[in-house]
Amino acid sequence: MNNDAAQKRMTNFRWIICTMLFFATTVNYLDRQVLSLTWDEFIKPEFHWNDVNYANITAVFAIVYALAQLFAGNIVDKLGTKRGYAVAIGVWSVGACIHAVCGVATEAYVGASSRMELVQATGDMAVLISTFSVYVFIFARCVLAIGEGGNFPAAIKATAEYFPKKDRAYATAIFNSGSSIGALIAPLTVPLLAKYYGWELAFIIIGSLGFIWMALWIFVYKKPEENKHVNAAELAYIEQDKEADVNYQEEGETKEASKKIPVKDFFKYRQTWAFALGRFLTDGVWWFFLFWTPSYLITQFGIKTSDGLGMALIFTLYLISMLSIYGGKIPAIFMARTGKDPYICRMKAMLIYAFIPLIVLFAQPLGTISPWFPVICIGLGCAAHQSWSANMYSLGTDIFPKHASATITGICGMAAGLSSFIFQQVAGRLFEYADRTGLTFLGFEGKPAGYFIIFCYCAVAYLLGWICMKSLVPKYKPVK
C-alpha cells in the first residue's frame, strides 16, 4: 500500500534541471561581464589601450556571438542536450580562462621581461604592445562568444524535454532570470578579485565556475524516460502533450515541412524587414550599456568599479533592469481586456516601452548633481529594452507560421548582431575623437560630450524602431 502511494506521488526532478539551467545562464552572464568591469581600471594601463581598441574587441564579440546563435541550435540538436550543453559551456569556459594568458602571450611576443616593462613602454613599443594584445583578446572573446552562443538553444531544448507545453514559459522565465542575477553578482565580485588578486585571476576564477557546472551536468542529466529520479507519475506529466504532438504531426506537420521557405525568400516579406529593422535599431543600445557603463562611471565621475560606490552603482543599475520581468504581462492584459489580436496588443505595449528610454536624455544633465541619477536613468532604459526585446521575440511567432519561426528568429538575431557591431565601433571612435579634439555638445566637452551624443540616440532608438515597424506592418497580417 505504501509502495503504491509512493509510486503515485509525483517526483519533481524537472525543477532540479531548471535550477541547473538557471545557474548555467548566471555563469554565462558572469563570464561576459568580466572584461567590461576590468578593462578601463586594470587592463587599459597595462596594454596602452584606447577606446577604439576596446570597441574593436567588443564589436567582434557581438558579431561572432550573433553568428554562433544562428548555428548553435542545429549543433545542439545533432549532439543531443546533454553533450551539446556540456560542449557549449566547456568552450565558453575555456574562452573565459584564455583571457588570463593574454598578458603572458603579449610579454613573450614583444620580448618584455616583466609586466612593469609593458606598462612603462613608450613610442613604437607601446603601439606594438597595444596592437598585439588587442588581437589576443579578440581571439579569447571569439572562443567565449562561440561557446556562449549555445547557451540558450541548449537551455530551450532541455526545457522542452523536461516540461509540458503549459509549463515551459514559466520554466524559461526562471532560468532566463539567471542573466539578471549574473549581472547583479558581477559588479560585487569581479572588481574585488581584480583589485586584490589581479585581473588574470578574476578571469580564471569566474571562468572555472563553468567547468564545475559541466561536471555536475554530465553526472545529473539524462532524458526523462532514462532518469531513475523521474518516476512514472512525473514522466506522465512531462509527456502529457505527446499524443497531441503525434496527432498534429500526422495531420499537418508533414504538409508544413514540405512548404518550408528558403531563407532568401523571407526577404520578400515586409514583415521580415519590419522585425529585422526593429532589432537593428535597438539592440545596439543594450550592448552599449552593457559594455560601456563601467567605463562611463570612470570617465564622467572618476568612480572605479572596484570602489564600493562603483559596485553599488552597477548593482543598482541591473537591479532596476529586473523590472523587465513584468514586461511580458502588459500585452497579455491588453489581450484579456480588449480581445484584440496579439500583434495589436504587443505593438501597443511596445509603444509604452519605447517612450520609457526618453529618460536617458536626462542622464548627462542630472549627472552634474549626482552619479546616481544617470545610473537610475540608464537602469530604466535597460528595463525598457528587455521588455521590448521579449516582445520582439514573440512578434515573429505571431506573424510567421510555426515551421518558419526559427529562421525568422535567426535573421533578426543577425540584424541585432550587426547593430551591436556597428554601435561598438561608432561609440569607441566617437569617444576617442571627442577626447582628442575637445568636442563640445550641449554644454559638455570631451568624452562626456561623446557619451551625451550616444545617450541621445539611445533615448529615441525605440521610437524610431516602433515607427518603422508600424509603417511596414500597420496591422496584423500573418505570413501564409
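Residues numbered from 1 in each chain as written. Predicted model: local features only at pLDDT ≥ 70, side-chain atom pairs only at ≥ 80, totals over all residues. Heavy atoms only, no water.

### Brief notes about the overall build of the chain
Along the backbone of the chain there are 22 helices and two strands. Counting all 480 residues of the chain, 53% fall into the buried class. Once local pairs closer than 6 in sequence are excluded, the contacts in the chain between residues at least 24 apart make up 82%. Roughly 21,400 Å² of accessible area belongs to the chain as shown, and the carbon and sulfur atoms make up 65% of that amount. (Helix = DSSP H or I, 4+ residues; strand = E, 2+ residues; numbered from the N terminus. Buried < 20%, exposed > 50% of the residue type's maximum accessible area, 1.4 Å probe, protein only. Contact = heavy atoms within 4.5 Å. Areas by Shrake-Rupley, 256 points an atom, 1.4 Å probe, with all protein chains shown as cover.)

### Points about the packing of aromatic side chains
Per the counting criterion, the structure on display carries 40 aromatic pairs. Ring centres 5.7 Å apart and planes at 50° place the aromatic pair phenylalanine 288 and phenylalanine 423 in the tilted group. Taken as a pair, phenylalanine 288 in helix H15 (residues 270-301) and phenylalanine 423 in helix H21 (residues 405-437) lie far apart in primary sequence, 135 residues in all. On the accessibility criterion, phenylalanine 288 (2% relative accessible area) is buried. Phenylalanine 423 sits in the buried class, given a relative accessible area of 11%. Over the ring of phenylalanine 334 we find lysine 348, and its NZ or CZ is 4.6 Å from the ring centre. (Phe/Tyr/Trp six-rings, centres within 6.5 Å; stacked < 30°, edge-to-face > 60°. Lys NZ or Arg CZ within 6 Å of the ring centre and 35° of its normal.)

### Thoughts on helix H11 (residues 199-220)
Across its 22 residues, H11 extends 33 Å between first and last C-alpha, which sits within 8% of the 32 Å expected from 1.5 Å per residue. If you check which residues of H11 are buried, you get Trp199, Glu200, Ala202, Phe203, Ile206, Gly207, Gly210, Trp213, Met214 and Trp217. (Expected span 1.5 Å × (residues − 1).)

### Some details on the confidence of the model for the chain
With 90% of its residues at a pLDDT of 70 or more, the chain has an overall mean of 85. Predicted confidence in the chain is weakest over helix H13 (residues 242-257), with a mean pLDDT of 49, and strongest over helix H22 (residues 447-472), with 95. Between residues 247-258, whose pLDDT stays under 50, and residues either more than four places distant or in other chains, the model counts five contacts. (pLDDT = per-residue confidence, 0-100.)

### Points about a nonpolar patch on the surface
Together, Leu67, Leu70, Phe71, Ile75, Leu79, Val87, Val91 and Ile146 make up a nonpolar patch on the protein surface, roughly 660 Å² of accessible area in all. Ranked by residues supplied to the nonpolar patch, first place goes to helix H3 (residues 51-79) with five residues. With respect to the helices and strands, isoleucine 75 occurs in helix H3. (Patch = residues over 30% accessible without salt bridge, like charges linked within 9 Å, V, L, I, M, F, W, Y side chains within 5 Å. Salt bridge = Lys/Arg side-chain N within 4 Å of Asp/Glu carboxyl O.)

### A few points about the environment of lysine 228
Structurally, the position occupied by lysine 228 is in the loop between H11 and helix H12 (232-238). Given the relative accessible area of 75%, lysine 228 is considered exposed. For lysine 228 and phenylalanine 13, which are 215 residues apart along the polypeptide, the C-alpha to C-alpha distance reads 9.9 Å.

### Re the packing of H3 against H15
For any two helices packed against each other, one specifies the crossing angle of their axes together with the interaxial distance. Two elements in contact, H3 and H15, have axes separated by 11 Å at closest approach and are oriented at 135°. Judged by the angle between their axes, H3 and H15 are oblique. Remark: the crossing between H3 and H15 carries right-handed chirality. Of H15, the residues touching H3 (which contributes Asp51, Tyr54, Ala55, Thr58, Phe61 and Tyr65) are Trp287, Phe291 and Trp292. Looking at the contact of H3 with H15 residue by residue, the classes come out as seven nonpolar, one polar and one charged. (Axes fitted to C-alpha atoms, helices over the stretch in contact; angles between N-to-C directions. Parallel < 35°, antiparallel > 145°, perpendicular 65-115°, else oblique. Left-handed = near helix turned anticlockwise from the far one by under 90°. Nonpolar A, V, L, I, M, F, W, Y, C, P; charged D, E, K, R; others polar.)

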